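# Chain and residue survey
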Amino acid sequence: MKKIGVFTSGGDAPGMNAAVRAVVRWLSANEVEVVGIKRGYAGMIDGEFVALTPRDVANIIQRGGTILRTARSKAFMTPEGRAEAAKQIAKAGIEGLVAIGGDGTFRGAIKLTQEHRIPIVGVPGTIDNDLYGTDFTIGFDTAVNTALDAIDRIRDTAASHERVFFIEVMGRHAGFIALNVGLAGGAEVIALPEVPTGPDEIAEQIRVSEAKGKSSSIIVVAEGAYPGGADTLMRAAQEIYPFEGRVTVLGHIQRGGSPTAHDRVLASRLGAAAAETLVAGTSGVMLGEVEGEIALTPLADAVEKRKPINRDLYELAGVLAE
Ligand code: F6P
């Protein structure tokens, strides 16, 4: 291959820039031209392409967000949109693509390959960590540390006022952030989409905690753990057992900020491996890291197979909340 395109798509994640840098620099070192596609699939349809040299990706390894920008494109969900994107790719002489994103990004990539035979490899970039075929996605570690910093601060005020705080973290369909943040933040309860936890259970847990002498509690709730989120869950629990409660929704703060060392190393490794894989003639796969080793997983498996949460960690968090 002589020319390869790289893009970021879906929710941004800290470390995406480090992955772009790795793709560009690995390909340039191997004499392959690189084209940056702006705004994900939306920019692909509009032909928003820029040449990227090693100097263009200087000083971005430490930056959150994505210099290529990102989008969730509705037009790309139609066959016409994908045909236009394929036309633009061909017109620019791009022979293969590195897609950095999450499950929506990879579902789009699978369709683009099926309908237009464009070779694509995926790099897992999402704070959610919900992709099969990699122990960690790029951005997860940073998001967990950002949320943890917030929880530590909230614990100070929760303890001072003797209140129960419900803290909602991101994760519509997956509880990876909530679980790690909950364990590391010493939460009394962790509510995950994977382990339904209703208001009855939470009310009872708060009652028991009070009886044991705890004067404040932290309840970590994943966005998708309960219909209506942490606020609705707290109000329902208060109907069962009255307590002084407050809700904090951490929201998009978890998506920003400088990537941790872990995310930078992961992004550098996976970005370079993706470039190498594509140039070597393999496509339709996601590059991941499993038990410390680079692993290739078909894109279809990465999005269709479910990565389970670590039940041992969940149980441990419960025991340590004593
Ligand atoms: O997929 C990443 C993510 O941050 C989810 O955790 C969250 O549910 C969603 O994106 C929010 O999407 P948006 O930024 O489009 O509101």
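Figured I'd write up the structure that's included with this text. The structure presented is a predicted model; accordingly, all values stated were derived computationally and were not measured.

Our focus in this paragraph is the site of the ligand. The ligand sits among Arg72, Ile127, Asp128, Met170, Gly171, Arg172, Glu223, His252 and Arg255. A distance of 3.4 Å separates an oxygen atom of the ligand from a polar atom in the backbone of Gly171. In this structure, His252 approaches the ligand through a side-chain N or O atom, which is 2.8 Å from an oxygen atom. When the ligand is considered free in solution it has 400 Å² of accessible area, and contact with the protein chains removes 78% of it. Of the residues belonging to the shell around the ligand, the class tally is two nonpolar, two polar and five charged.

Tallying each qualifying case throughout the model produces four aromatic pairs. Note on Tyr41 and Phe76: the rings are 3.8 Å apart at their centroids and 15 degrees apart in plane angle, and the pair reads as stacked. Pair noted here: Tyr41 is in helix α2 (residues 40-46) and Phe76 is in the loop between β3 (49-52) and α3 (79-91), with a separation of 35 residues, a long-range link. Taken as a pair, Tyr41 and Phe76 share a single burial class, namely buried. With 6.0 Å between their ring centres and 5 degrees between their planes, Phe166 and Phe243 make a pair best called stacked. Residue Phe166 is located in strand β6 (residues 164-169), and its partner Phe243 is located in the loop between α8 (229-240) and β9 (245-249); the two are separated by 77 residues in the primary sequence. In this structure an aromatic cluster arises from ring pairing among Phe7, Tyr41 and Phe76. Taking NZ or CZ as reference, Lys307 lies 5.2 Å from the ring centre of Phe176, over its face.

Criteria and cut-off values
- Numbering of residues starts from 1 in every chain and runs along the sequence as written.
- Two thresholds apply to this predicted model, a pLDDT of at least 70 for residue-level local features and 80 or more for giving and counting side-chain atom pairs, whereas whole-chain, interface and lining totals are computed over all residues.
- Side-chain figures throughout are based on the complete set of non-hydrogen atoms in the structure, without hydrogens or water.
- Consider each residue's heavy atoms; a residue with any of them within 4 Å of a molecule or strand counts as near.
- Identification of polar contacts relies on pairs of N or O atoms within 3.5 Å, with a donor-acceptor requirement for protein atoms, meaning one able to donate a hydrogen and the other able to accept it, and with residues adjacent in sequence counted only if both atoms are side-chain atoms.
- Where accessible areas are quoted, they stem from the Shrake-Rupley method and a 1.4 Å probe; at the residue level, only the protein chains shown are allowed to cover.
- Nonpolar residues are Ala, Val, Leu, Ile, Met, Phe, Trp, Tyr, Cys and Pro. Charged residues are Asp, Glu, Lys and Arg, and all others, Gly as well, are polar.
- Think of it this way: a Phe, Tyr or Trp ring, Trp meaning its six-membered ring, pairs with another when their centres are within 6.5 Å, and the plane angle makes it stacked under 30 degrees, edge-to-face over 60, tilted otherwise.
- Put simply, DSSP marks the helices as runs of H or I at least four residues long and the strands as runs of E at least two long, and each gets a number from the N terminus on.
- Exposure classes here rest on a 1.4 Å probe applied to the protein chains alone. A residue is buried below 20% of its type maximum, exposed above 50%, and partly exposed in between.
- Criterion for a charge above a ring: Lys NZ or Arg CZ within 6 Å of the ring centre, and within 35 degrees of the ring normal.

Any functional reading would require information that these geometric values do not contain.
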